[in-house]
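Chains, contacts and geometry: an overview
The primary structure of each chain is shown beneath.
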Amino acid sequence: MRARFPDFRLGNVPATSFTATLTERRGNAVERIPTPQRLVDWLAVSGLAVESCTTAQLELARELRESIHAAATATAIQDALPTSAIHIINDCSIQGRAAAILTPEGNRQWRLSSASCVEDALSVIAADAISIIAGERDGKLALCASPTCQAVFFDTSQSRTRKWCDMNTCGNRQKKARFNANQHKNETAARTGVI
């Protein structure tokens, strides 16, 4: 029987989706790529399929993930970029062999060579991180308003005021907590006669 792992949180931005392979960073952290095979699985569903992954490659991927998170967080709060994160992102970006191709629908897609390895896929993720951190794309980096999550996400909403990394998880959780707190407050007021 195959082990059950938490579902992936996927989005349209590879770099921030990759940082979401570790969630609830300020609460009970959830590692979504705990094994080399789970990294292979994540890369496949993200359009960056590779055949295998070693433990060392998984560690490199996690190091890149944390570097992207640190640099993107610094950008979101308008702080200086961490030098060590910049080095790791740049190193991963230049190590890979991937090519951008244009699909018939007019979209960019990444193609890895037939002999691709994890480093090639990580170079695509690093290049994507460089693009959003450098401000080359229309949108802004922001931090999830959930006190336990604090995930970094790329806000492309028209007003650039999105609060949650994912409305279906963090947003709903926070709205439910607020609703329950208001219910409790109203019930207490009704019992005590204080309105």
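To be clear, the structure that these remarks concern was listed above.
What comes next concerns the included structure. (Residues numbered from 1 in each chain as written. Predicted model: local features only at pLDDT ≥ 70, side-chain atom pairs only at ≥ 80, totals over all residues. Heavy atoms only, no water.)

**Observations concerning the overall build of the protein chain**
Formally: Numbering of helices and strands starts at the N terminus; helices are DSSP runs of H or I of at least 4 residues and strands are runs of E of at least 2. Remark: exposure states derive from per-residue accessible area (1.4 Å probe, protein chains only) relative to the maximum for the residue type, with buried under 20%, exposed over 50%, and partly exposed in between. Only heavy atoms enter the contact rule, under which two residues are in contact if any of them lie within 4.5 Å.
The helix and strand inventory of the protein chain stands at six helices and six strands. Each of the 195 residues in the protein chain was classed as buried or not, and the buried ones make up 39%. Across the protein chain, contacts joining residues at least 24 apart in sequence account for 53% of those joining residues at least 6 apart.

**A short note on unusual backbone geometry**
Peptide bonds are mostly trans, and most non-glycine residues show a negative phi. Of note in this structure, E24 is not a glycine but carries a positive phi near 55°. Among the secondary structure elements, E24 is positioned in the loop between β1 (22-23) and β2 (30-31).

**Some points on helix α5 (residues 118-133)**
As a reminder of what qualifies: Helix span, as expected, comes to 1.5 Å for every residue beyond the first.
With 16 residues, α5 extends 22 Å between its outermost C-alpha atoms, agreeing within 8% with the 22 Å of an ideal straight helix rising 1.5 Å per residue. Burial of α5 is extensive: 14 of the 16 residues sit out of reach of the surface. A positive backbone phi angle near 75° is found at G135, which sits one or two residues after α5.

**Some words on the environment of S123**
With respect to the helices and strands, the residue S123 is situated in helix α5. The exposure class assigned to S123 is buried, which follows from its relative accessible area of 6%. Note: C-alpha distance between S123 and Q95 (28 residues apart in sequence) is 6.4 Å. Look past the residues within four positions of S123 in its chain and what remains in contact with it is C92, S93, G96, R97 and A98.

**Some words on the packing of aromatic side chains**
Our working definition: Working definition: a ring pair exists when centres of Phe, Tyr or Trp rings (six-membered ring for Trp) sit within 6.5 Å. Plane angles under 30 degrees give stacked, over 60 give edge-to-face, the rest tilted.
Evaluated as defined, the whole model comprises one aromatic pair. With a centroid separation of 5.1 Å and an interplanar angle of 50°, the aromatic rings of F18 and W42 are classed as tilted. One end of the pair, F18, is in helix α1 (residues 14-19); the other, W42, is in helix α2 (residues 36-45), and 24 residues separate them in sequence. Taking relative accessible area as the criterion, W42 reaches 1% and is therefore assigned buried.

**Considering the pairing of strand β6 (residues 152-155)**
Just so we agree on the cut-off: Two strands qualify as a pair provided that DSSP identifies no fewer than 2 bridges between them.
Burial along β6 is two-sided: the face carrying V152 and F154 and the face carrying F153 and D155 are both buried. Inspection of the sheet shows strand β5 (residues 140-143) paired to β6 by four bridges, in the antiparallel sense. Paired with L143 across the two strands is V152, which belongs to β6.

**Looking at the side chain of T19**
To keep it simple, the criterion reads: Side-chain atoms alone can form a polar contact between residues adjacent in sequence; in general such a contact is a pair of N or O atoms within 3.5 Å, and within protein one must be able to donate a hydrogen while the other accepts it.
Structurally, T19 is set in helix α1. With relative accessibility at 3%, the residue T19 sits in the buried group. One polar contact links the side chain of T19 to the main-chain carbonyl oxygen of T16, over a distance of 2.8 Å.

**So, the packing of helix α3 (residues 55-76) against α5**
Rules: Axes here mean lines fitted to C-alpha atoms, for a helix over just the part in contact, with angles spanning 0 to 180 degrees between N-to-C directions. Each angle is binned into one of four classes, with values under 35 degrees roughly parallel, values over 145 roughly antiparallel, values of 65 to 115 roughly perpendicular, and all other values oblique.
At their nearest, the axes of α3 and α5 sit 11 Å apart, and the two run at 0° to each other. Judged by the inter-axis angle, α3 sits roughly parallel to α5. Between α3 and α5, the contacting residues are Q57, L60, A61, L64, I68, A71, A72 and T75 on the first element and V118, E119, L122, I125, A126, A129 and I133 on the second.

Honestly, that's just the spatial picture; any functional story needs more than this.
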